[in-house]
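So the chains spell out like this:
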Amino acid sequence: MTADHTPPPPRAGTTLVLDLGSGPQGEPRLDVLGPLDDHQLEAALDEVALHQPEAFTRPHRIDHHDDTHHTLRLAPGTAGATFPWSILADLLTRPPGARARARRAVQPTAHQRELLADAESHPGRHIERLTWTWHGHLEPDRFRSAWQAVVDKELATRAAFSNGPQPTLLLHDHVNADVRWLPAGTADWADLIEDDIQRGMDPHLPPALRVTALGGPDHPGTTTPTHILLTYHHALLDDWSAHLLVRDFHRAYLAGGTLPGGERRPDLQDHLSWLHRQDTTPPRDLWSRPTPRTPCVSPVPLSTAEGPATGHSQIRISTDHTEKLFVWAARWGTTESCVLQAVWAVLLYRASGAQGPARVRFAVTASGRGIPLEGIERLPAALRTTLPLHVEVDPRSTVATLLTEIRDRTLDMTAHEWVSPGQIHAWSPPAATTPLEGSLLAFENTTHPPDTGLTTALHAEGIHVSRPEPLGAHTAYPLTRYHHIAANYPGPEEIILLPTTHNQPPHHTPTHLTHHTRPLTLAAFPDSFTTACTTAHHTTTTRNQPPLIVLTSTTTTLTTLTHTLATTATQATTRT
């Protein structure tokens, strides 16, 4: 049941001999010395045509000399060197059970193309990993069968990109789940994650996800937990989708390794069909509007000559503080994400050194699921996108005014959250794209409706699972901040600040900005203006670093809020 992305060994007795045109007629030819049937050959040629349509030329003639000698010839004068012989050879020599046969090729979304191009230029980007812990008995064969059932049910997990300058999305009928099981004690968990990072994730090879488990003895009554790592590429699956797939896996495991019913509808093709029917005129009009004359600032360095470096931090917030944020945001007619965006805008404004009114520009995420397609909330796919947000920060204005502006701009943008960042950039006037967004504020809300029945069924078998937590993917932005809500698993509801990724050398990273961003992770606003601090567990260091909670009212001016954030940031830095 385990898929291996390394080239499989040739079948016994099969040898391939390639001649690029040294014969008297100059025709390229491939001799297959071994068994070859017409059905296998046609399936392999169809697969090659899907992967590289621009370089594919179907063989001019096929000669079957005998049962163990076959010759494929291209037409004389054909450029044999450009034919994808290596792909064809791999398909002809791969064991039949290991083949992933493509059903059809479809056009990917514009955002998928952009993510794929960036990932190919910067290996390691846009690869996310979920980790969680399984307490209780876990059967390896049942574990693998459950993941295979998920892959069989969800078309998005069997998708991969073709090669070439204009990649298509290949949808496969059957793909073996990529599952690796390691008994406890055979590897260190931290080393295993590092190995997975070094391995990367190739979006050209199905399946679209990879599962690694480091477990205890596979017998009932074991007390050794099993650690599970799920790896996927954002060009094929977003974080919302990953949580859906984890839930399906738990259901399949409880059902003995199977999932009832056929493939899901709507599926990936339904979404692509809906997307390609959309009129781009309304979003084009929205983002092509002239921008205000207020100067635009971006305190995050966008490029350096010395290459990238990364850093991260992670903080948890208690249930009480999370509820305060939710209640306060709702009271003022906005959402918790808009509140965090307002604080981030103020922090960026202060870090820029601006004195008067200025526009602050950064990117925010949108789920891509706010579209009129029935069942979209249950569809695994690469739907999440990023949208540019620019707001005016005026020290003489109030917090309420800033919140209202962010809320209104967010509502305007999310009506068109199916467009890609590249499309928006092409439509925007030059003044609106300079400077570019130096930071991304990602608010990941994966709070699917709680499935208490699933949790109860797991407990009935003596199984307790922790909530899957992302490790944080590297993006195309110099600075990325993740805020994650996951309330559909046992335990207190929390907002989790996932790794803050700096794609810049340390001495180029604006330390004054990173020092001042700590209060953002715990920003909550009750009615009265005050500042307070609380102790929370910092997961990435052995020292206690008490993050601070900034409490303010909407009638407070932004000058006062900026001063408060600066003061609390200084206190946090001093305590560190």
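Residues numbered from 1 in each chain as written. Predicted model: local features only at pLDDT ≥ 70, side-chain atom pairs only at ≥ 80, totals over all residues. Heavy atoms only, no water.

## Considerations on a negative patch on the surface
Phase 1: Negative charge collects at one region of the surface, where D188, D191, E194 and D195 lie side by side.
Phase 2: Considering the arrangement of structural elements, one finds E194 in helix α5 (residues 189–199). (Patch = residues over 30% accessible without salt bridge, like charges linked within 9 Å, V, L, I, M, F, W, Y side chains within 5 Å. Areas by Shrake-Rupley, 256 points an atom, 1.4 Å probe, with all protein chains shown as cover. Salt bridge = Lys/Arg side-chain N within 4 Å of Asp/Glu carboxyl O. Lys, Arg positive; Asp, Glu negative; His and termini not counted. Charge placed at Lys NZ, Arg CZ, Asp CG, Glu CD. Helix = DSSP H or I, 4+ residues; strand = E, 2+ residues; numbered from the N terminus.)

## Observations concerning the sheet that holds strand β2 (residues 29–33)
Phase 1: Taken in spatial order, the four strands make up an open sheet running β1-β2-β4-β3, and their pairing is antiparallel. Unpaired on one side and paired on the other, β1 (15–19) and β3 (61–66) mark the two borders of the sheet. With direction set aside, neighbouring strand axes in the sheet form an average angle of 15 degrees.
Phase 2: Pairing between β3 and strand β4 (residues 69–73): five bridges, direction antiparallel. Bridge assignment links R61 to a residue of β4, and that residue is R73.
Phase 3: Packed on one face of the sheet, helix α2 (residues 85–93) meets β1, β2 and β4 and runs near 15 degrees to β2. (Pairing = 2+ DSSP bridges. Axes fitted to C-alpha atoms, helices over the stretch in contact; angles between N-to-C directions. Contact = heavy atoms within 4.5 Å.)

## Re the pairing of strand β14 (residues 358–366)
Phase 1: Burial analysis of β14 places nine of its nine residues in the buried class, which makes it a mostly covered element.
Phase 2: Both faces of β14 are covered, namely the face carrying A358, V360, F362, V364 and A366 and the face carrying R359, R361, A363 and T365.
Phase 3: Both β14 and strand β15 (residues 385–393) contribute to a ladder of nine bridges, which runs antiparallel. Counted as the bridge partner of F362 is L389 from β15. (Buried < 20%, exposed > 50% of the residue type's maximum accessible area, 1.4 Å probe, protein only.)

## Observations regarding the packing of helix α10 (residues 336–352) against helix α11 (residues 399–414)
Phase 1: Where α10 meets α11, the closest approach of the two axes is 9 Å, and the angle between their N-to-C directions is 120 degrees. Of the two elements, α10 crosses α11, and the hand of that crossing is right-handed. Between α10, through C338, V339, Q341, A342 and V346, and α11, the contact on the second element is made entirely by L402, L403, I406, R407 and T410.
Phase 2: Looking at side-chain class alone, the contact of α10 with α11 contains seven nonpolar, two polar and one charged residues. (Left-handed = near helix turned anticlockwise from the far one by under 90°. Nonpolar A, V, L, I, M, F, W, Y, C, P; charged D, E, K, R; others polar.)

## Thoughts on the packing of aromatic side chains
Phase 1: Inspection of the entire model under this criterion finds eight aromatic pairs.
Phase 2: Ring plane angle 55 degrees and centroid distance 6.1 Å describe the contact between W134 and F249, whose orientation is recorded as tilted. On the criterion of sequence distance, the pair formed by W134 in strand β6 (residues 127–135) and F249 in helix α6 (residues 239–254) is long-range, its members being 115 residues apart.
Phase 3: Assessed through its relative accessible area of 0%, F249 is described here as buried.
Phase 4: Members of the aromatic cluster, connected to one another through ring pairs, are W134, F143, W147, W181, F249 and Y253.
Phase 5: Above the plane of the ring of Y253 lies R142, whose end atom (NZ or CZ) is 4.1 Å from the centre. (Phe/Tyr/Trp six-rings, centres within 6.5 Å; stacked < 30°, edge-to-face > 60°. Lys NZ or Arg CZ within 6 Å of the ring centre and 35° of its normal.)

## Quick look at unusual backbone geometry
Phase 1: Between P206 and the following residue, P207, the backbone shows a cis peptide bond with an omega angle of 0 degrees.
Phase 2: Along the chain, the position of P207 falls in the loop between α5 and β10 (209–215).
Phase 3: At H126, a position not held by glycine, the phi torsion is positive, near 65 degrees.
Phase 4: Note that H126 resides in the loop between α3 (110–121) and β6.
Phase 5: A residue is classified by how much of its surface remains accessible, and H126, at 6% relative accessible area, is buried.

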